[in-house]
Amino acid sequence: MRALVFSLTFILAGTAHAAPPPPDPFGSGLWPDVHAEFLGREPVVFDDRVKVVAPAFAEDPMAVPVSVDASALGAVSRVVVLVDRNPIRKVLEFFPQAARPVLAFRFKLQQGSPVRAAARTADGVWHLGGTWVDGSGGGCTLPGGTRSDGSWVRTLGQVQGRMFDHGDASRLRVRIMHPMDTGLVSGIPAFYLDELQLRDDAGTAYMRILTFEPVSENPVFSFDLGTRPAGSLHLQGRDNNGNLVAARIDQQKP
Amino acid sequence: MIKKQLLSALVASVCAAGAGFVQAGAITDQMIADDAKTPGDVLSWGMGTEGQRYSTLTQVNTKTVKDLVPVWSLSFGGEKQRGQESQPVIADGTMFVTASYSRLYAIETKTGKEKWKYEHRLPDGIMPCCDVINRGAALFDNLVIFGTLDAQLVALDRETGKVVWKKKVDDFQAGYSLSAAPIIAKGLLLTGVSGGEFGIVGRVEARDPKTGNMVWSRPTLEGYMGYKYDAEGKPVENGMTGTTNKSWPGDLWKTGGASTWLGGSYNAETGLAYFGTGNPAPWNSHLRPGDNLYSCSTLAIDVSTGQIVWHYQNTPNDGWDFDGVNEFVTFKTKDGRILGGKADRNGFFYVNDAKTGKLVNAFPFVKQITWASGIDLATGRPKFNDKNRPGDPSKTTDGKKGESVFSAPSFLGGKNQMPMAYSPDTGLFYVPANEWGMEIWNEPISYKKGAAYLGAGFTIKTINDDYIGALRAVDPMTGKIVWEAKNNAPLWGGVLTTKGGLVFYGTPEGLLKAMDAKTGKELWSFQVGTGIVAPPVTWEEGGVQYVAIVSGWGGAVPLWGGDVAKRVNMLNQGGSVWVFKLHKS
């Protein structure tokens, strides 16, 4: 009898996992794979409250600006940004802590593709928003500027940052000098920042970001901090070769 | 306070023991010290910190070796098929092998399946003198640690390949790089530096292998201060190396080289690490009268203190680039003395007391040596042939080129980087030797950061029509060459010997060979498809003895070879690991 109960449970669990995801508004044939690989086949809803804003056409496929805003959902534990038709689909994922679940940055686009952000709420449901970006191609497989001139060695890990007010919120924009090599250019191994953590003087964590190869060379990130933090902010991180990032961003004098 | 420390030490040891049950064994200092006695793994460069490259395994032996067949081969892939000089290390069913351009592969030993790889992102301006090679990694705890061509040390998690720590050793733009395998001795990570052709400062460094933090640093040039590092990482003076200007007048010693580019060996009984030091810079010896300590020497360093306990200089005031970093391999005599053997670039084989450095024996291991007629065993100094020193350019009318001489060995050496092996069974060293000479002359030179600092011109000459390379079985006590196996191209890979009575080595022509350790008779060979310039290893797993070799032609010979090119320019590049075992029908 006990064995029977066990096997029943197994079948039920198995069925739940095998349930196909809701159909993709973009009609991407890759969507079921993306769902399985990056969202663990967990429950998904397409939800307009997750805003993904990017240009309709990527003028520069190596630096496509995108902003992700999941703040309309309320509390969000994790946001994953995915590009279906990139050779490396996962661009980054971030964990909003004291910062709001909002992040703007630039990424590399290999060809026209849905660009999606999946935000996970406390009930374990992924809320998906997205936009379609067209592109002329090649963003992930062309060498970047700093590696053509070799200057990346001199600037590696340097950070520039500035805090400013934006409406009712305080924003921080940082640029981290890094070639962000995808490993898809012949003879150049993958070399990219893989982890960033933003904190304030008191040690309060604002946001953690796991970055991957498709984030643009010399990445720029804009954070939405909510109320302006007192004192300085600290950005710490590292790349897949173990090079460290450690920068302090001071308040601007009025 | 003491109590608290004790308690935390206790907690740490309990945790370590606990972790031991969960993880696939943390590699301890004791395991590394016992490496030569434990054939189930290969934990260190040299197959034991003494560097004997001797295995107690007997399954593959003079009778069975004919049935040795390949099990798997893994290609390093990509377009980076340059010289592969790496010795694999093996633990817990995983092989860790470095490859050209600062890459490292973790491979399942059973299947040859790649578990992960690490590709170091190199800057464009790296300046390795002699191909983009690497000689291997060190294992410690859960880490695999190796040096890169841009002079950094990288420690990776053995399971995941993720970087745990990374340290910059020095400025690659000044010519520093790392090519040697680090070693672990007394729980410390010991490394040298490469870059002797760029006027760098040679040194030996000890680090905490868990964090990469510095423990001590010992420069190899007299006049430089050594340092220890306190808990905050601040340097504390630890005594100068030698005495300023004692053997090296003026200030040329400041950019004097004496690099430690082949790494070192360690003998747990003497507590000493042995590092060979390279040539003094620049090559033109007339610019630096004196012995130029501690270039072209063996340095014995107390691992606990970072102090030089003894030194023996093989080529005082070197003028031929007899870059004597060659490995010092310790062994025990029948009467219990601990001696060390070194087959030097300069063509002589030296035997020193490993505790005191006293010269015990010295004899030629190549047939033609022009620069000295012998080594005086009483004084320990070479009997120089003054006429064979390349001339002083400042003594000529236009000052541009000194008198040229023909010198043997060539600067590529009677033996170069390829490590020899020692068998306690036969009492013989198996030395991959080369017979060649060179035309060499001096030219004016001044130091410029990051520029080649030679002050000499040269061209390599062959001596014999039928061979350059010769694997020689050398008796360190009598100086007798017991047997030799000639090879058309110069030998550039290392040697392995086993209790099964075998000597394994590879040739640039692509043959991995097994010889009878007593007679030198060739018993087996296998063509790996590209040249071999790396040392073989053997280990046992699940009752089966395996032999592994990294293949991939390259290194210094194709870059500097002169007349030798005729014998090697038909060789094709590659980059693979090959593993063999006995065939059972």
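Residues numbered from 1 in each chain as written. Chains lettered and ligands numbered in written order. Predicted model: local features only at pLDDT ≥ 70, side-chain atom pairs only at ≥ 80, totals over all residues.

Caption draft 1: Expanded view of the overall build of chain B. Counting its secondary structure elements, chain B contains four helices and 40 strands. Relative to the globule expectation of 25 Å for 585 residues, the C-alpha radius of gyration of chain B, 23 Å, shows essentially globular dimensions. Considering only C-alpha atoms, chain B reaches an extent of 75 × 65 × 55 Å along its principal axes. For chain B, with 585 residues in total, the buried portion stands at 57%. When contacts within chain B are restricted to residue pairs at least 6 apart in sequence, those whose partners lie at least 24 apart make up 60%. (Helix = DSSP H or I, 4+ residues; strand = E, 2+ residues; numbered from the N terminus. Rg over C-alpha atoms; globule rule 2.2 N^0.38 Å. Buried ≥ 20, exposed ≤ 12 C-beta atoms within 10 Å, placed from the backbone. Contact = placed C-beta atoms within 7 Å.)

Caption draft 2: Local environment of the overall build of chain A. Scanning chain A for helices and strands turns up four helices and 16 strands. In terms of its C-alpha atoms, chain A occupies a principal-axis envelope of roughly 70 × 45 × 35 Å. When contacts within chain A are restricted to residue pairs at least 6 apart in sequence, those whose partners lie at least 24 apart make up 68%.

Caption draft 3: Highlighting the sheet that holds strand S39 (residues 544-551) of chain B. Residue and element names in this part refer to chain B. Taking strand neighbours across the sheet as the criterion, the four strands line up as S2-S40-S39-S38 in an open arrangement whose pairing is antiparallel. In this open sheet, the two strands that pair with only one neighbour each are strand S2 (68-75) and strand S38 (537-541). Between one strand and the next, the sheet's axes are offset by a mean angle of 25 degrees, whatever the strand orientation. Where S39 and strand S40 (residues 576-582) come together, five bridges link them in antiparallel fashion. Bridge assignment links Val550 to a residue of S40, and that residue is Val577. (Pairing = 2+ DSSP bridges. Axes fitted to C-alpha atoms, helices over the stretch in contact; angles between N-to-C directions.)

Caption draft 4: Highlighting helix H2 (residues 31-38) of chain A. Residues and elements named next belong to chain A. The set of residues buried in H2 consists of Trp31, Val34 and His35. One side of H2 carries all its buried residues, which in axial view fall inside an arc of 100 degrees. Exposed positions of H2 whose direction lies more than 90 degrees from the buried face are Asp33 and Ala36. The positive-phi residue at the C-terminal boundary of H2 is Gly40, with phi of around 55 degrees. (Arc of directions from axis to C-beta.)

Caption draft 5: Region of interest: the confidence of the model for chain B. All names here are of chain B. On average, chain B scores 94 in pLDDT, and the residues at 70 or more come to 96%. Scored below 50 in pLDDT, residues 1-23 shows four contacts in the model against residues more than four places distant or in partner chains. Prediction confidence for the complex, expressed as pTM and ipTM, is 0.89 and 0.78 respectively. (pLDDT = per-residue confidence, 0-100.)

Caption draft 6: Geometry of the interface of chain B and chain A. In this assembly, eleven residues from chain B lie in contact with eleven residues from chain A. If you tally residues by element for the side of chain B that touches chain A, the top one is strand S10 (residues 163-168) of chain B, at three residues. A per-class count over the side of chain B that touches chain A returns four nonpolar, two polar and five charged. (Nonpolar A, V, L, I, M, F, W, Y, C, P; charged D, E, K, R; others polar.)

Caption draft 7: Structural view of the environment of Leu30(A). Residues and elements named next belong to chain A. Within the element layout of this structure, Leu30 appears in the loop between helix H1 (2-18) and H2. A count of 16 C-beta atoms within 10 Å places Leu30 in the partly exposed class. In the structure, Leu30 is positioned 87 residues away from Ala117 in sequence and 15 Å away in space, judged by C-alpha atoms. The contacts of Leu30, once residues within four sequence positions are left out, are Asp84 and Arg85.

Caption draft 8: Spatial organisation of the pairing of S38(B). Residues and elements named next belong to chain B. As paired strands, S38 and S39 are joined by five bridges and run antiparallel to one another. When the bridges of S39 are listed, Val537 appears paired with Ala548. Count of turn residues in the S38/S39 antiparallel hairpin: two residues, of which Gly542 carries a positive phi of about 55 degrees.

Caption draft 9: Region of the structure containing the sheet that holds strand S30 (residues 436-442) of chain B. Residue and element names in this part refer to chain B. With respect to topology, three strands assemble into an open sheet ordered S27-S30-S31, the strand pairing being antiparallel. Edge strands, defined here as strands with exactly one partner in the open sheet, are strand S27 (405-407) and strand S31 (456-462). Strand-to-strand twist in this sheet, taken as the mean axis angle between neighbours without regard to direction, amounts to 25 degrees. Note: S27 against S30, three bridges, orientation antiparallel. Counted as the bridge partner of Phe406 is Glu439 from S30.

Caption draft 10: Geometry of the confidence of the model for chain A. Put simply, chain A has an average pLDDT of 89, and 91% of its residues get 70 or more. Low pLDDT (under 50) marks residues 1-16 of chain A, which in the prediction has zero contacts with non-local residues, meaning those over four places away or in another chain.

Caption draft 11: Region of interest: unusual backbone geometry. All names here are of chain B. With an omega dihedral of -5 degrees, the bond running from Ala281 to Pro282 counts as a cis peptide bond. Locating Pro282 in the fold gives a position in the loop between strand S18 (272-276) and strand S19 (297-302). Cis rather than trans, the peptide bond between Ala408 and Pro409 has omega equal to -5 degrees. Inspection of the secondary structure puts Pro409 in the loop between S27 and strand S28 (421-423).

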